[in-house]
Amino acid sequence: MVNYKDLGLVNTREMFAKAVDGGYAIPAFNFNNMEQLQAIIKACAETKSPVILQVSSGARKYANQTLLRYMAEGAVEYAKELGWEHPQICLHLDHGDTFELCKSCVDFGFSSVMIDGSSLPYEENIALTKRVVEYAHQFDVTVEAELGVLAGVEDDVVAEESHYTKPEEVIDFATRTGCDSLAISIGTSHGAYKFKPEQCERDPQTGKLVPPPLAFDVLAEVEKKLPGFPIVLHGSSSVPQEYVDIINSHGGNLPDAVGIPEEQLRQAAKSAVCKINIDSDSRLAFTAAVRKVLAEKPGEFDPRKYCGPARDEMVKLYKHKIIEVLGSDGKAE
Ligand SMILES: [Zn+2]
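Calculation notes
Residues numbered from 1 in each chain as written. Predicted model: local features only at pLDDT ≥ 70, side-chain atom pairs only at ≥ 80, totals over all residues. Helix = DSSP H or I, 4+ residues; strand = E, 2+ residues; numbered from the N terminus. Rg over C-alpha atoms; globule rule 2.2 N^0.38 Å. Contact = placed C-beta atoms within 7 Å. Core = buried A, V, L, I, M, F, W, Y, C linked by C-beta atoms within 7 Å. Buried ≥ 20, exposed ≤ 12 C-beta atoms within 10 Å, placed from the backbone. Axes fitted to C-alpha atoms, helices over the stretch in contact; angles between N-to-C directions. Left-handed = near helix turned anticlockwise from the far one by under 90°. Nonpolar A, V, L, I, M, F, W, Y, C, P; charged D, E, K, R; others polar. Pairing = 2+ DSSP bridges. Right-handed = clockwise from strand over helix to strand, strands pointing away.

## Some details on the overall build of the protein chain
Alright, step 1. On a plain count of helices and strands, the protein chain comes out with 12 helices and 13 strands.
Alright, step 2. By the compact-globule yardstick of 20 Å for 333 residues, the protein chain fits well, its C-alpha radius of gyration being 19 Å.
Alright, step 3. Taken over the C-alpha atoms alone, the protein chain extends approximately 60 × 45 × 35 Å along its principal axes.
Alright, step 4. Restricting the contact set of the protein chain to residue pairs at least 6 apart, pairs at least 24 apart contribute 74%.

This is the structure:
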């Protein structure tokens, strides 16, 4: 049993309370490898932004959960080396699907876990979430739960269609489970193809898809039912078209990839939404940079020569999100 406090990590409680009060959102960035983690920490240290490092079940399979945990521990020290005096870094399990998985992460030094029972019938979601909350809270680990189903694909999480969160359920759910934050479904979705072309309009100038707006009415209803309660948005990448274009013009093939416009996320960050999950955008930044180097220098075979530029591109992306979209810069001096 390792307690996250001994690793220099923090849970989400104070982060979220400040974010709700301050009208900004905490970035939740997924990581699977060293370059991604370096980029996240560098961007957050340079902007003094609190951050949630997310580990999905796919990341655990890809990189090994022991290694990921020690990387997060190393990240706290790296942040200090970069001159960030009081780093506020949370290590979070993304989409935990069983009590056992959540427990093993709590025991292993995670400071926050998500239990995603959103695909279960309502009462079963409550029972599972409550069980995780009761265990995690003994160690002051915070718990995110989910109500409503997001469409899209994220590692092992697949859902054909989305179901918006029902605002009439949120008080009962939050009260009976004791969860610390709630992921809701208002039209965001996982992956780089968030909407089918038939759900969108097409910009006649650029030929690019224009996605439908998020259900801000549902968010407002939820906020009214649970004033000040931390709300989470998953699947909130914007799928920057400049990256899609670089990928497509350097041998890639991502037709009609489309995300959530940043303007809408900016609006959400000012509300009760205090955690915004961004994963696909950093994958796109990484891939665009790698494809560009390999296309322009076919003789290159040193991974540092293409992973290095990919890392730089991710730092740029993360800083942009922190400063221009979430507003979390300067919130963790
Ligand atoms: Zn998610």
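Here the narrative resumes.
## A short note on the nonpolar core
Alright, step 1. Membership of the largest hydrophobic core comes to 97 residues, with the highest contact counts inside it found for I40, L53, V113 and L182.
Alright, step 2. When neighbours within four sequence positions are excluded, L53 is seen to be in contact with F29, F31, I40, A72, A75, I89, C90, L91 and H92.

## Quick look at the packing of helix α11 (residues 280-296) against helix α12 (residues 303-326)
Alright, step 1. The interhelical angle for the contact between α11 and α12, taken along N-to-C directions, is 140°, at an axis separation of 8 Å. Crossing handedness for the pair α11 and α12: right-handed. Where α11 abuts α12, its residues D281, S282, A285, F286, A288, A289, V290, V293 and L294 lie against K305, Y306, P309, A310, E313, M314 and L317.
Alright, step 2. Of the residues belonging to the contact of α11 with α12, the class tally is 12 nonpolar, 1 polar and 3 charged.

## Observations regarding the sheet that holds strand β3 (residues 89-96)
Alright, step 1. Pairing is parallel in the closed barrel, where 8 strands are placed in the order β1-β2-β3-β4-β5-β8-β12-β13. For this sheet, the mean inter-axis angle between neighbouring strands, taken without regard to orientation, is 25°.
Alright, step 2. The pairing of strand β1 (residues 26-30) with strand β13 (residues 273-278) spans 4 bridges and is classified as parallel. Bridge pairing in β13 links F29 to I278.

## Digging into the pairing of β13
Alright, step 1. Burial within β13 is extensive, with 6 of its 6 residues counted as buried.
Alright, step 2. Bridging between strand β12 (residues 231-233) and β13 involves 3 bridges; their strand directions are parallel. Directly across from I231, in β13, lies its bridge partner V273.

## Thoughts on the packing of helix α9 (residues 241-249) against α11
Packed helices, taken two at a time, are described by the angle between their axes plus the distance between the axes.
Alright, step 1. As a packed pair, α9 and α11 sit with axes 9 Å apart at the nearest point and diverge in direction by 35°. Our pair here, α9 against α11, has a crossing hand that is left-handed. Across from Y243, V244, I246 and I247 in α9, the residues of α11 making contact are L284, A285, T287, A288, R291 and K292.

## What to know about unusual backbone geometry
Alright, step 1. The phi dihedral of K48 is positive, around 55°, even though this residue is not glycine.
Alright, step 2. Note on placement: K48 falls in the loop between α2 (34-47) and β2 (51-55).
Alright, step 3. Among the residues examined, K48 registers 19 C-beta atoms within 10 Å and is labelled partly exposed.

## Examining the environment of A17
Alright, step 1. Looking at the secondary structure, you find A17 in helix α1 (residues 13-22).
Alright, step 2. Between the C-alpha atom of A17 and that of C274, which follows or precedes it by 257 residues, the distance is 8.6 Å.

## Observations regarding the pairing of strand β5 (residues 142-147)
Alright, step 1. For β5, the tally of buried residues reaches 6 of 6 residues, placing the bulk of the element in the interior.
Alright, step 2. Taking every second residue as pointing to the same face, both faces of β5 are buried, with T142, E144 and E146 on one and V143, A145 and L147 on the other.
Alright, step 3. As defined by bridge partners, strand β4 (residues 112-115) adjoins β5 across 4 bridges and the pair is classed as parallel. Residue pairing in the sheet places V113 in a bridge with V143 of β5.
Alright, step 4. Assessed by its sense of winding, the connection that carries the chain from β4 through helix α6 (residues 122-137) to β5 is right-handed.
Alright, step 5. Pairing of β5 with strand β8 (residues 181-184), which is carried by 4 bridges, proceeds in the parallel orientation. Of the residues in β8, the one forming a bridge with E146 is A183.

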